[in-house]
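This is what each chain is made of:
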Amino acid sequence: MKKIVVPIKMVLDANMRPRVKEDGTGVDLSGMKLSINPFCEIAVEEAVQLKEKGQAEEVVVVSIGTSKVQDILRQAMAMGADRALLIETDEAPEPLATAKLIQAIVGEENPDLVVLGKQAVDDDCNQTGQMLASLLDWPQATFASAMQVDGDTVRVTREVDGGHQTLALTLPAVVTTDLRLNEPRHCSLPNIMKARKKPLAVTPVAAYGVDLTRRLKVLSVTSPKPRAAGRRVTTAQELVADLRAAGAI
Ligand code: AMP
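Residues numbered from 1 in each chain as written. Predicted model: local features only at pLDDT ≥ 70, side-chain atom pairs only at ≥ 80, totals over all residues. Heavy atoms only, no water.

1. What about the sheet that holds strand β11 (residues 200–204)?
Then, number 1: Pairing is mixed across the open sheet formed by nine strands, whose spatial order is β9-β8-β7-β10-β6-β1-β4-β5-β11. For this open sheet the edge positions go to β9 (163–170) and β11, each flanked by a neighbour on one side alone. Averaged over all pairs of adjacent strands, the angle between strand axes in this sheet comes to 30°, irrespective of strand direction.
Then, number 2: As defined by bridge partners, strand β1 (residues 3–7) adjoins strand β4 (residues 58–65) across five bridges and the pair is classed as parallel. The residue of β4 that forms the bridge with P7 is V62.
Then, number 3: This element, helix α4 (residues 128–136), spans β6 (113–117), β7 (140–150) and β10 (173–177) of the sheet and lies at about 175° to β10. (Pairing = 2+ DSSP bridges. Helix = DSSP H or I, 4+ residues; strand = E, 2+ residues; numbered from the N terminus. Axes fitted to C-alpha atoms, helices over the stretch in contact; angles between N-to-C directions. Contact = heavy atoms within 4.5 Å.)

2. Looking at the packing of aromatic side chains
Then, number 1: In the structure shown here, the tally under the stated rule is zero aromatic pairs.
Then, number 2: Above the ring of F143, the side-chain terminus of K118 is found at 5.1 Å from the ring centroid. (Phe/Tyr/Trp six-rings, centres within 6.5 Å; stacked < 30°, edge-to-face > 60°. Lys NZ or Arg CZ within 6 Å of the ring centre and 35° of its normal.)

3. Digging into the side chain of Q119
Then, number 1: Along the polypeptide, Q119 turns up in the loop between β6 and α4.
Then, number 2: Overall, Q119 belongs to the buried group, its relative accessible area being 19%.
Then, number 3: Within the local environment of Q119, its side chain forms a polar contact with the side chain of D124, the two groups lying 2.8 Å apart.
Then, number 4: Q119 has contacts with N37, F39, D124 and N126, leaving out every residue within four places of it along the chain. (Buried < 20%, exposed > 50% of the residue type's maximum accessible area, 1.4 Å probe, protein only. Polar contact = N/O pair within 3.5 Å; in protein donor to acceptor, adjacent residues only side chain to side chain.)

The following block contains the structure:
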């Protein structure tokens, strides 16, 4: 195949403790470390592996966000992506608007395959890949744990309740990645240096003429209740009594 497009999102780093904004409208990202969404990193790794196996000629990464998002686009290029597109906006778009913007990129780039993360771990929406496939009217396979390209077909194994399901999709197609698909590589210093010279095109979101009107209203965001401290028991009877008292058995 000629080209794979991989949309990637920047999210709060998984090692940071989320802090809810005082007005309860979301997570406060000021001063926090931001990183590539883990499922997007897996998507980049898979696309780069397909290229290394000679099954794809070019990998293009795209992100919608502020200019800060260039960091993860450079990281993806250090992993092996060939070039990057930044659709610049200060407003984080909802999944439908994101899918429409990626649809516009697909119209320009004409890829054979779009590989997305199954979900972005900030909002856990798990919507963009499905909406994109629907907008494009392309076949889709979500939650891929294995992928194999064979001519104009991609075989995707999905982990479903009680086993595995394998689907054969005719390209062009949309695939979303699950955790077990691969283990993303660490970027070597020479590759980080090389990535600095790879092309990164920045376009303002307005250039795409996509309706970004918000359709969802966040009513509240709250932190999980702190967990009560544990208690060490000395006998099995004591454990059973405690579990009974807690209503667990
Ligand atoms: P979501 O539907 O928000 O859980 O996101 C699923 C996937 O859509 C992510 O793993 C990315 O591949 C893609 N995606 C979501 N938001 C963006 C964004 N702002 N820029 C690029 N890709 C995105």
